[in-house]
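Reading the structure
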Protein chains: 2
Amino acid sequence: MSDALGSDQSPPALLIRKLASTAQLSDRDRGAIGMLPFAVLTFPGRTSIVHEGDAPKQCCLILDGWAYRCRTLANGQRQIFAFYVPGDMPDIESLHLHVMDQGLVAIAQTTVAFVAHKDMRALIQSNTNVAMALWRDTLIDATRCRERVISLGRRQAVGRMAHLFCEMYVRLRTVALADDLRYLLPLTQAELADALGLSSVHANRSLQELRKMGLVTLHRRELIIQDWSGLATTAEFDPSYLHLI
Amino acid sequence: MSDALGSDQSPPALLIRKLASTAQLSDRDRGAIGMLPFAVLTFPGRTSIVHEGDAPKQCCLILDGWAYRCRTLANGQRQIFAFYVPGDMPDIESLHLHVMDQGLVAIAQTTVAFVAHKDMRALIQSNTNVAMALWRDTLIDATRCRERVISLGRRQAVGRMAHLFCEMYVRLRTVALADDLRYLLPLTQAELADALGLSSVHANRSLQELRKMGLVTLHRRELIIQDWSGLATTAEFDPSYLHLI
DNA sequence: CGAGGTTTTGACTCCACTCAATAGACGTGG
DNA sequence: CCACGTCTATTGAGTGGAGTCAAAACCTCG
């Protein structure tokens, strides 16, 4: 994985840039975030960052790599709810909801910065504006979740996949991890299937369909969008739900 | 529709009870909420409370009736994301995200109390604890959305429907609108279908299947759960995601 | 009683699933 | 550098869940 969000790679700097991409931050806000103590840890691919059922005492910020949130059902089927990329804080909600009802898993090798809940709480107590920005961020996460509901409920396989490809492109571009209509997509087809509510066989066939339509290629984890407007059309993709400034 | 949440039916009292059902509120918090100016309005069934694309200047609190959030796709298909019942504030997010990317529709006749954004903002600025409770509430809403993702992605029709019936029972019970394993479900089968990502024909057949299994009956808008544990089992329902205290 | 919405049924189609086998990629160690 | 095991991707054949279309039965209410 390459650098995200430009030059300063310190966790606070990344978080500041991320929040500033969807909300206004004052200098005082930036200063307060800059004081947050982070602990950086690296997880190998396919390992659990937070387990289903855990009650974490810290929040995490993805610095490098990808992670996903998922749950496994009784029959062994898995559903992936969301993907998280550098700049995202997948589990701010653990500040308010004490038991995680889903796990957080690193996809490729993933570097994560942890902040203790007590430090986050101190920050948001003393700094309403930052609290609002974080709240807003969780609301955007919910918006993406709703978009997934539409996909699963009302789009068929090819459209769902196209939609995911569009969303990840736009999101990765805001953290400088995609440009020129291409990005690293560190997922297996089985993981894609688990996110899209498909079997892996059908995920494979849908991907082939997108290739055949001349919209994308995916080879060795590199996704290349050959026809953005075609892809966006088959996905019925409208990026406004991402609420980027 | 009958009374929700006990005796005092004023909007602030309802909101206080609702927030207190998932978070701790001090007397100061309760006092501050009590001062909120609400404007009460009643909507006939099947009318829009907030339109897709609106930028509301107020939040709403359901006092009586049901509402749902939905979006219509280009081909005319509809997806319902969530149902809201008395005590719920479906669009607190409009405080942070200024354009609604989905509409809010009254199902049966529904009474709603509106609070201006500026009053809500004043409340949460001066009262961190209330802000946290509201934030928490939006996170629980997101949790329900994720549960819907699992349903749509990994459960089949009968299980999805069973899951919705379980969820609504538990939620309505916390506002005293369900007990004795029965409640008013003011939805047509077409609306049920739009929530579950099904065609209305298949929604009908799934409902018949639940009847045939002896789990529920639904007649004249009254849902009767005949076998709770059977229903919860076919739904794989685990209420912890609702984060009720 | 009639009109309009809602629920139910039937027949047919098709999208997506399962099972199973093959092919390709990748990494490790001999 | 090749052999091997292990993932991952691909293909085929058969099945089944859910969709579509259309008509009939049923409320409900003016």
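Fair warning: this is a prediction, and the values are worked out from it, not measured in the lab. (Residues numbered from 1 in each chain as written. Chains lettered and ligands numbered in written order. Predicted model: local features only at pLDDT ≥ 70, side-chain atom pairs only at ≥ 80, totals over all residues. Heavy atoms only, no water.)

Re the protein's contact with DNA strand C
Rule in force here: Near, as used in this document, describes a residue that has one of its heavy atoms within 4 Å of the molecule or strand being considered. Whenever two N or O atoms come within 3.5 Å, that pair is a polar contact, provided that in protein one can donate a hydrogen and the other can accept it, and provided that, for residues adjacent in sequence, both atoms are side-chain atoms. By definition, any uninterrupted DSSP run of H or I lasting at least four residues is a helix, any uninterrupted run of E lasting at least two residues is a strand, and each is numbered from the N terminus. Residues are grouped as follows: Ala, Val, Leu, Ile, Met, Phe, Trp, Tyr, Cys and Pro are nonpolar; Asp, Glu, Lys and Arg are charged; every other residue, Gly included, is polar.
Neighbouring DNA strand C are 17 residues, the closest being Gln156 of chain A together with Gln189, Asn204, Arg205 and Gln208 of chain B. In DNA strand C, the atoms that sit within 4 Å of the protein are 69% sugar and phosphate, with bases accounting for the remainder. Here a phosphate oxygen of DNA strand C sits 2.9 Å away from a polar atom, N or O, in the main chain of Ala157 of chain A. Arg205 of chain B has a polar side-chain atom sitting 2.5 Å from a base nitrogen of DNA strand C. Broken down by secondary-structure element, the contributors of at least two residues to the surface near DNA strand C are helix H7 (200-212) of chain A together with helix H7 (200-212) of chain B. Here the residues of the surface near DNA strand C are counted per class, giving four nonpolar, eight polar and five charged.

Side note on the sheet that holds strand E10 (residues 222-225) of chain A
Residues and elements named next belong to chain A. Note the cut-off: Paired strands are those between which DSSP finds at least two bridges. The axes are straight lines fitted to the C-alpha atoms, using for helices just the contacting stretch, and the angles between their N-to-C directions are given from 0 to 180°. Contacts are assigned to residue pairs with any non-hydrogen atoms lying within 4.5 Å of each other.
The three strands lie next to each other as E8-E10-E9, forming an open sheet whose pairing is antiparallel. Either end of the sheet is taken by a strand with one partner, and the two such strands are strand E8 (182-184) and strand E9 (216-219). Between one strand and the next, the sheet's axes are offset by a mean angle of 15 degrees, whatever the strand orientation. Strands E8, E9 and E10 of the sheet are contacted by helix H5 (residues 157-174), whose axis makes an angle of about 90 degrees with E8.

Here's the deal with the protein's contact with DNA strand D
If you check the shell around DNA strand D, you find 17 residues, and the closest are Gln189, Asn204, Arg205 and Gln208 of chain A together with Arg220 of chain B. Between a phosphate oxygen of DNA strand D and a side-chain N or O atom of Gln208 of chain A, the distance comes to 2.6 Å. Mapped by element, the contributors of at least two residues to the surface near DNA strand D are H7 of chain A together with H7 of chain B. Broken down by element, the surface near DNA strand D gets its largest block of residues, five residues, from H7 of chain A.

A short note on the relation of the copies chain A and chain B
What counts here: Here the copies are superposed with least squares, the fitted atoms being C-alpha atoms of residues at a pLDDT of at least 70 in both.
You can overlay chain A on chain B at an RMSD of 0.0 Å; the transform is a turn of 180 degrees with a shift of 0.0 Å along its axis. The transformation relating the two chain copies, once decomposed into turn and shift, fits a two-fold axis. Of the residues that chain A buries at the interface, 100% are likewise interface residues in chain B, meaning the two copies contact each other through the same surface.

So, the packing of H5 of chain A against H7 of chain A
How two helices pack is summed up by the angle between their axes together with the distance between the axes. Residues and elements named next belong to chain A. Selection criterion: Angle categories are assigned with fixed cut-offs, so that under 35 degrees is roughly parallel, over 145 is roughly antiparallel, 65 to 115 is roughly perpendicular, and the rest are oblique.
The geometry of H5 relative to H7 is characterised by a closest axis approach of 9 Å and an angle of 75 degrees between their N-to-C directions. The angle between H5 and H7 places the two elements in the roughly perpendicular class. In this structure, H5 uses Ala157, Val158, Met161, Ala162 and Phe165 to contact H7, whose residues at the interface are His202, Ala203, Ser206, Leu207, Glu209 and Leu210.

With respect to the interface of chain A and chain B
Selection rule: Throughout, buried area stands for the accessible area (probe radius 1.4 Å) lost by two parts on being put together, summed over both. Any carboxyl oxygen of Asp or Glu that lies within 4 Å of a side-chain nitrogen of Lys or Arg is treated as forming a salt bridge with it.
The interface is formed by 44 residues belonging to chain A together with 44 residues belonging to chain B. Taking both partners together, chain A and chain B bury about 4,300 Å²; carbon and sulfur atoms supply 63% of that area. Interface area lost by chain A to chain B is led by Trp135, Arg146 and Arg154 of chain A, which between them contribute 21%. For the pair chain A and chain B, the number of links is six salt bridges. Two residues, Glu147 of chain B and Arg71 of chain A, come together in a salt bridge whose shortest N-O distance is 2.8 Å. Our enumeration of links across chain A and chain B arrives at 20 residue pairs in polar contact (both at pLDDT 80 or more).

Concerning unusual backbone geometry
Keep in mind that most residues, glycine aside, have a negative phi and that most peptide bonds are trans. The phi torsion at Arg46 of chain A lies on the positive side, around 60 degrees, for a residue other than glycine. Of note, Arg46 of chain A is situated in the loop between strand E1 (39-43) and strand E2 (47-50).

Description of the domain arrangement of chain A
All names here are of chain A. To be explicit about the condition: Those domain boundaries reflect an automatic or database domain assignment.
Domain annotation of chain A identifies domain 1 (11-148) and domain 2 (155-242). Here the C-alpha centroids of domain 1 and domain 2 sit 23 Å apart. Each partner contributes to the interface: domain 1 provides 18 residues, whereas domain 2 provides 20 residues. On the domain 1 side of the contact with domain 2, Trp66, Phe83 and Glu147 bury the most area, a combined 33% of that side's loss. On the surface where domain 1 and domain 2 come into contact, there are four salt bridges. For Arg78, the salt bridge identified is with Asp194, shortest N-O distance 2.6 Å. In this structure, the connection of domain 1 to domain 2 is made through nine residue pairs in polar contact (both at pLDDT 80 or more). Listing elements by their share of the side of domain 1 that touches domain 2, those giving two or more residues are strand E5 (78-84) and helix H4 (128-154). Classifying every residue of the side of domain 1 that touches domain 2 by side-chain character gives ten nonpolar, two polar and six charged.

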